[in-house]
Amino acid sequence: MKKTVLVSGGAGFIGSHVTVELCQAGYDVVIADNMSNCDETNYKGVCAILSRQLPFEKVDFCDAAAANALFDKYHIDAVIHFAAFKAVGESVAEPLMYYKNNLDSFLNVLEAARSHGTHVLFSSSATVYGEPDNPPVTEQSPRQEATSPYGNTKQMCEDFLRDCVKAYGMHGIALRYFNPIGAHPSALIGELPRGVPNNLVPYITQTAIGKRECLSIFGNDYPTPDGTCLRDFIDIVDLAQAHVCAVTRMIDGKMEEPYEIFNVGTGRPVSVMELVNAFEKVNKIKLNYRIAPRRPGDVMAIWADPALAEKKLGWKAKRSVEETLASAWAWEKRLAEAGK
Ligand code: UDP
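None of the values given here were measured: they were computed from a predicted structure. (Residues numbered from 1 in each chain as written. Predicted model: local features only at pLDDT ≥ 70, side-chain atom pairs only at ≥ 80, totals over all residues. Heavy atoms only, no water.)

Participant: Where do I start with the side chain of threonine 4 in this structure?
Facilitator: Mapped onto the elements, threonine 4 comes out in strand S1 (residues 4-8). We classify threonine 4 as buried; its relative accessible area is 14%. Apart from residues lying up to four places away in sequence, threonine 4 is in contact with Asp28, Val30, His75, Ile76, Asp77 and Ala78. (Helix = DSSP H or I, 4+ residues; strand = E, 2+ residues; numbered from the N terminus. Buried < 20%, exposed > 50% of the residue type's maximum accessible area, 1.4 Å probe, protein only. Contact = heavy atoms within 4.5 Å.)

Participant: Just checking my understanding: could you explain the packing of aromatic side chains for this structure?
Facilitator: For any pair of aromatic rings, the description rests on two quantities: the centre-to-centre distance and the angle between the ring planes. Counted by the stated rule, this structure contains 5 aromatic pairs. Centre to centre, the rings of phenylalanine 279 and tryptophan 329 are 5.9 Å apart; their planes meet at 80°, and the pair counts as edge-to-face. Of the two residues, phenylalanine 279 sits in helix H9 (residues 272-283) while tryptophan 329 sits in helix H11 (residues 321-337), which places them 50 residues apart along the sequence. Residue phenylalanine 279 shares its accessibility class with tryptophan 329, and that shared class is buried. Over the ring of tyrosine 222 we find arginine 294, and its NZ or CZ is 3.9 Å from the ring centre. (Phe/Tyr/Trp six-rings, centres within 6.5 Å; stacked < 30°, edge-to-face > 60°. Lys NZ or Arg CZ within 6 Å of the ring centre and 35° of its normal.)

Participant: Honestly, the nonpolar core in this entry has me stumped. Any pointers?
Facilitator: Among soluble globular proteins, nonpolar side chains are generally buried collectively. Core analysis: the largest hydrophobic core is formed by 42 residues, its most contacted members being Ile14, Leu22, Leu54, Ile80, Leu175, Val247 and Val264. No other element matches the 10 residues that helix H8 (residues 236-251) contributes to this core. Ranked by size, the runner-up nonpolar core spans 27 residues in total, among them Val59, Leu70, Val79 and Ala83. (Core = buried A, V, L, I, M, F, W, Y, C linked by side-chain atoms within 4.5 Å.)

Participant: For this particular structure, what's the right way to read the site of the ligand?
Facilitator: Inspection of the region around the ligand gives 14 residues, with Leu200, Ser216, Arg231, Arg295 and Asp298 positioned closest. With respect to the ligand, the backbone of phenylalanine 218 contributes an N or O atom lying 2.9 Å from an oxygen atom. One of the side-chain nitrogen or oxygen atoms of arginine 231 is found 2.6 Å away from an oxygen atom of the ligand. In the complex, 85% of the free accessible area of the ligand, which totals 510 Å², lies under the protein chains. Ranked by residues supplied to the shell around the ligand, first place goes to strand S8 (residues 215-218) with 4 residues. Looking at the shell around the ligand residue by residue, the classes come out as 7 nonpolar, 4 polar and 3 charged. (Near = heavy atom within 4 Å. Polar contact = N/O pair within 3.5 Å; in protein donor to acceptor, adjacent residues only side chain to side chain. Areas by Shrake-Rupley, 256 points an atom, 1.4 Å probe, with all protein chains shown as cover. Nonpolar A, V, L, I, M, F, W, Y, C, P; charged D, E, K, R; others polar.)

In short, geometric facts, not functional conclusions.
Below, the structure written as structure tokens:
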């Protein structure tokens, strides 16, 4: 029988790509989203890619009764929780908003999952590693004290999951994402930042299309090979496929521990400058950029050791940075055509 996965925040950037990969791998997916941080573009795109309407529930997971009702309505084998606020700077300015939303919603997911016997996959982040002493980081590398309420919610939610698994006999996986970039090759779904983008690649594509005047490269005086920060940029479709492997591992009863953590990265450090150069080259565009002061709070260098995910999940990132940057550009052009 087909298994069903509930994707909270399924209309967002990562959730929509994960939904497509799950469906293509033979899962049924229920998308739930309160639409607070996105419009219908990605939901419509998902349905277009899959040539069918997917069940969609407009639900705010901070509403415990509404969250629970979803688990009553559908027989859900696993839930993937994406529904959260994600802007680091905003979380510093509005910590209560971040704590209330990101913690309450996950607690409600955990409660419903517990009472319904549902496996839980939590979308965590490499931000939990802070500034690592010695990259690449493995899952055993120490977590560092969070530098923002957003980062703190990721750490706290990991701990909620770990403790619930231990106490209630549940099963859970936390995936720690590095820097997800790009868009689906169909250009029907992608990232839709609200207002001025915080992240590098949407800022690059918006500058290239003319929505922004000039990209600021935050610092070229770091002690790195070219002076700019090093990151592990991972293709969004590769990242989405890691979720399919993780969900299958849970549902098929293949977990070795009831709570597992995996890095989802490429293992390949790429500097900000290298990324900009690669974007220009692969898309044959001259980007308007300037060197600006360092951005407060930025980590100098972090990339994944993805060996555990390869060994245990059978997952590995496949796409090149060039391929991914071409997909990001195709998506931005599609948005421009649609007047967005
Ligand atoms: N960055 C930049 N200009 C921008 C946005 C980001 O130079 O407009 C740099 C940023 O300083 C960091 C890297 O790009 O070194 C990745 O930043 P992003 O916000 O995309 O992700 P983070 O790794 O901070 O989560």
